[in-house]
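Descriptive structure summary
The residues making up each chain are set out below.
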Amino acid sequence: MHKIRIFLLVVSCLVFDFAITLQGASYLSMGGANIALILNGEALFVNPAFLVNQGFGFGKQFLDTGNLDYTNYQMEYLTIGSTGFGSVKYTEKNTGNSYDIQVAGFGAQMSERIKWGMIVEHINLNDGAVSSQIWTTKVGVSFIMSPPSKMFWGITLDHFFKEKSSQTAIDVSPHVLFSLGWIPMEKLLWTHSLEYTRKAGEGIYYATGMALLLDHNLVLSGGINRNGYSAGIEIPITFGKINYTIIMPYDINKEIKYCLSYSYGGL
């Protein structure tokens, strides 16, 4: 059980349009396919249901180390007990828009197998001429199926409860993500997800990813979704972990992105 818990720390996803969607470096390494089991502080951004009993932890992430699309995309989080606090700051190179997002959230246990949580985001956008602000939320639920199924599912609802404002350029379209996780064999996790954003031109999209625990708690992960492929490695260090992720678009004219994160404490 101890090995499985460590193994699940690296469960993650892949989405190339960082934008307002809150993510994480390990979250990016498995194809956008997991919000069903998260045992690190990235739960604050990915699925707040897993903030339950996180304890004290700290993490810092750089989601575009080459500054290809963003200037200094940095994400930080702090967890204390079942609460979390974080920030995301970046500037889009193609528009010059600067974002400063502050996040606070909590997780709660409903029963032995069901958890839920919520975060509140305060988003500040500065386009060089006008500053816009809006608040919005993410609600997450997780469910662990009865043994011996070794299956889990999670769902998040982004931007369903938010400030009603038409006077802002900030896109907070409602977004739903459903994920199913499965451990088909020891030390291997296979995840699947479906996502939908309620706005013109959007459909329902599928993603999948896997993570494999090797000796000494070293984890390799990879995934695929509608935009491309990803691969990651998570290396244990004293009191924490380092994750390095590579994101490869299908379009060979687009540059490969590299993401780096390190974390201490937590579960």
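Rules and cut-offs
- Residues numbered from 1 in each chain as written.
- Predicted model: local features only at pLDDT ≥ 70, side-chain atom pairs only at ≥ 80, totals over all residues.
- Heavy atoms only, no water.
- Helix = DSSP H or I, 4+ residues; strand = E, 2+ residues; numbered from the N terminus.
- Buried < 20%, exposed > 50% of the residue type's maximum accessible area, 1.4 Å probe, protein only.
- Contact = heavy atoms within 4.5 Å.
- Areas by Shrake-Rupley, 256 points an atom, 1.4 Å probe, with all protein chains shown as cover.
- Patch = residues over 30% accessible without salt bridge, like charges linked within 9 Å, V, L, I, M, F, W, Y side chains within 5 Å.
- Salt bridge = Lys/Arg side-chain N within 4 Å of Asp/Glu carboxyl O.
- Pairing = 2+ DSSP bridges.
- pLDDT = per-residue confidence, 0-100.
- Phe/Tyr/Trp six-rings, centres within 6.5 Å; stacked < 30°, edge-to-face > 60°.
- Lys NZ or Arg CZ within 6 Å of the ring centre and 35° of its normal.

Topic: the overall build of the protein chain
Counting secondary structure elements, the protein chain contains two helices and 14 strands. A burial count over the protein chain gives 48% of its 267 residues as buried. For the protein chain, long-range pairs separated by at least 24 residues make up 46% of all intrachain contacts whose partners lie at least 6 apart in sequence. A total accessible area of about 12,300 Å² is found for the protein chain, and carbon and sulfur atoms account for 61% of it.

Some details on a nonpolar patch on the surface
A contiguous nonpolar patch, built from Phe 58, Ile 235, Ile 237, Phe 239, Ile 242 and Tyr 264 and spanning about 530 Å² of accessible area, is present on the exposed surface. Examined against the element boundaries, Ile 235 turns out to sit in strand β12 (residues 228–237). The class of Ile 235 is partly exposed, set by a relative accessible area of 38%.

Digging into the side chain of His 192
For His 192, the position within the fold is in strand β9 (residues 188–197). Look past the residues within four positions of His 192 in its chain and what remains in contact with it is Ala 33, Phe 178, Ser 179, Leu 180, Tyr 206, Ala 207 and Thr 208.

Description of the pattern of salt bridges
What the rule picks out here adds up to four salt bridges. Here Asp 69 makes a salt bridge to Lys 257, at a shortest N to O gap of 2.5 Å. Note that Asp 69 is positioned in the loop between β1 (57–62) and β2 (70–80) and Lys 257 in strand β14 (residues 257–265), a separation of 188 residues in sequence. Look at Lys 257 and you get buried, because its relative accessible area is 8%. The partner of Lys 199 in a salt bridge is Asp 171, with the nearest N and O atoms 2.9 Å apart. Linking Lys 199 in the loop between β9 and β10 (204–213) with Asp 171 in the loop between β7 (151–162) and β8 (175–185), this pair joins segments that are 28 residues apart in sequence. Owing to a relative accessible area of 37%, Lys 199 belongs among the partly exposed residues under this scheme. On the accessibility criterion, Asp 171 (38% relative accessible area) is partly exposed.

Some words on the pairing of strand β11 (residues 219–224)
Only one face of β11 is covered, namely the face carrying Val 219, Ser 221 and Gly 223; the face carrying Leu 220, Gly 222 and Ile 224 is uncovered. Note: β10 against β11, six bridges, orientation antiparallel. Its bridge partner lying in β11, Ala 211 is registered against Ser 221. What sits between the antiparallel neighbours β10 and β11 is a turn of five residues, in which His 216 has the positive phi angle 60 degrees. Here six bridges tie β11 to β12, and the two strands are oriented antiparallel to one another. Directly across from Ser 221, in β12, lies its bridge partner Gly 232. Between the antiparallel neighbours β11 and β12 lie three residues.

Some details on the side chain of Ser 132
Note that Ser 132 resides in strand β6 (residues 131–144). Excluding anything up to four places from it in sequence, Ser 132 contacts Ile 123, Asn 124, Leu 125, Thr 168, Ala 169 and Ile 170.

Points about the confidence of the model for the protein chain
Per-chain confidence: the protein chain averages 86 in pLDDT, with 90% of residues scoring 70 or above. Ranking the elements of the protein chain by mean pLDDT puts helix α1 (residues 2–8) last, at 35, and strand β4 (residues 98–109) first, at 96. Segment residues 1–19 is flagged for pLDDT under 50; beyond a separation of four residues in sequence, or across chains, it makes 83 contacts in the model.

Here we look at the packing of aromatic side chains
Per the counting criterion, the structure on display carries 12 aromatic pairs. Aromatic side chains Tyr 73 and Tyr 90 sit 4.5 Å apart centroid to centroid with 10 degrees between the ring planes, which places their arrangement in the stacked category. Placement of Tyr 73 in strand β2 and of Tyr 90 in strand β3 (residues 83–92) is noted, with a sequence separation of 17 residues between them. Its relative accessible area of 1% is what places Tyr 73 among the buried residues. Pairing Tyr 229 with Tyr 250 gives two aromatic rings, centres 5.1 Å apart and planes at 85 degrees, and the pair type is edge-to-face. Residue Tyr 229 is located in strand β12, and its partner Tyr 250 is located in the loop between β13 (240–249) and β14; the two are separated by 21 residues in the primary sequence. Taken together, the ring pairs connect Tyr 70, Tyr 73, Tyr 90 and Tyr 99 into an aromatic cluster. The ring of Tyr 205 carries the charged tip of Arg 226 above its face, separated from the ring centre by 3.8 Å.

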